[in-house]
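One-letter residues, chain by chain:
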Amino acid sequence: MTDADLSRIAAQVRALARGSGAPEEKLQKICELLRDSVPHYDWVGFYLVRGSEELVLGPFAGAPTEHVRIKFGQGICGQAAERLEVFVVQDVSKEDNYLSCSPEVRSEIVMPVFRDGVLVGELDIDSHSIAPFTQEDREFLEEVCREIAFLL
Ligand code: SME
C-alpha cells in the first residue's frame, strides 16, 4: 500500500463516517471497507467501552469471534484499554496475555479510540501475516480513529 492508497481509504472512511445512516451501520461499512481495501487486514472490528472496565464487541468484518466481552487487562484488547496505549503484536505466538480468535491469526494491532480525551472503544485488526504492521498503518489507523470517534 502506498501513502496515496492509504489517503484515499482515509477519505472514504471520512465520507462514510459523515454520511447518512445509523452509527452502527456506518461503523459496519467502515470495517468492511478496511478489510476489503488493505490486504493484511483479515479481521477488523470495534470494541466499545461499556459498564465498568469492560469491552463489548460492536460492528466487525471477518470471522465471528467468541470474545464478545473482554475485561480490561485481558488479552491484547484489554491491555490496550487498561494502559490507554496502541498495542502492536507482530507475532501473537510470543504474547502470553492473548485471546485467540482463530489459529489463522498471526498478528494484531489494537488502537484505543478517545472522545474528548476519554476512552470510548477500540479498533482491533487481526492479520494472518507475521509482522505486517508498519508505522504507516499506525498513522493511518490513528486518523481513522479520530474520524470515527464520534460514532462510538
Ligand atoms: N485477540 C484479541 C481478542 C479479540 S479478537 O482478536 C477479535 C485479544 O487478545 O484481546
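A brief structural summary. The structure presented is a predicted model; accordingly, all values stated were derived computationally and were not measured.

### So, the environment of Glu136
Reasoning step 1: Turning to its location among the elements, Glu136 is positioned in helix α4 (residues 135-148).
Reasoning step 2: Here Glu136 falls in the partly exposed class, since its relative accessible area comes to 40%.
Reasoning step 3: Counting along the chain gives 40 residues from Glu136 to Asp96, while the straight-line C-alpha distance between them is 26 Å.
Reasoning step 4: Ignoring sequence-local partners within four residues, the contact set of Glu136 consists of Asp3 and Leu6.

### Looking at helix α1 (residues 3-18)
Reasoning step 1: If you check α1, its first and last C-alpha atoms are 22 Å apart, about what 16 residues at 1.5 Å a residue would give, namely 22 Å.
Reasoning step 2: The complete set of buried residues in α1 reads Leu6, Ile9, Ala10, Val13 and Ala17. On an axial view of α1, the arc spanned by its buried residues comes to 105°, and they lie on one face. Opposite the packed face of α1, turned more than 90 degrees from it, sit the exposed residues Ala4, Ala15 and Arg18.
Reasoning step 3: In the core, the buried residues of α1 are packed alongside α2 (23-37) and α4.

### Notes on the pairing of strand β1 (residues 43-50)
Reasoning step 1: Counting buried residues along β1, 6 of its 8 residues qualify, which places the element largely inside the surrounding structure.
Reasoning step 2: The sheet contact formed by β1 and strand β6 (residues 118-127) spans 6 bridges and is antiparallel. In the sheet register, Val44 faces β6, and the bridge partner there is Ile125.
Reasoning step 3: Turn length for the β1-strand β2 (residues 54-61) hairpin, with the two strands adjacent in sequence and antiparallel, is 3 residues, and the turn residue Gly51 shows positive phi of about 60°.

### As for the environment of Glu24
Reasoning step 1: Structurally, the position occupied by Glu24 is in helix α2.
Reasoning step 2: In this structure Glu24 comes out as exposed when scored by relative accessible area, which is 59%.
Reasoning step 3: The spatial distance from the C-alpha of Glu24 to the C-alpha of Gly58 is 7.9 Å, given a sequence separation of 34 residues.

### Topic: the pattern of salt bridges
Reasoning step 1: Applying the stated rule across the entire model yields 8 salt bridges.
Reasoning step 2: Glu147 serves as the salt-bridge partner of Arg18, at 3.2 Å between the closest nitrogen and oxygen. With Arg18 in helix α1 and Glu147 in helix α4, the pair connects residues that are 129 residues apart, well separated along the chain.
Reasoning step 3: Classification of Glu147 by relative accessible area gives buried; the value is 14%.
Reasoning step 4: In this structure, Lys94 and Asp91 form a salt bridge, with 3.1 Å as the shortest nitrogen-oxygen distance.

Conventions used here
Residues numbered from 1 in each chain as written. Predicted model: local features only at pLDDT ≥ 70, side-chain atom pairs only at ≥ 80, totals over all residues. Heavy atoms only, no water. Helix = DSSP H or I, 4+ residues; strand = E, 2+ residues; numbered from the N terminus. Buried < 20%, exposed > 50% of the residue type's maximum accessible area, 1.4 Å probe, protein only. Contact = heavy atoms within 4.5 Å. Expected span 1.5 Å × (residues − 1). Arc of directions from axis to C-beta. Pairing = 2+ DSSP bridges. Salt bridge = Lys/Arg side-chain N within 4 Å of Asp/Glu carboxyl O.

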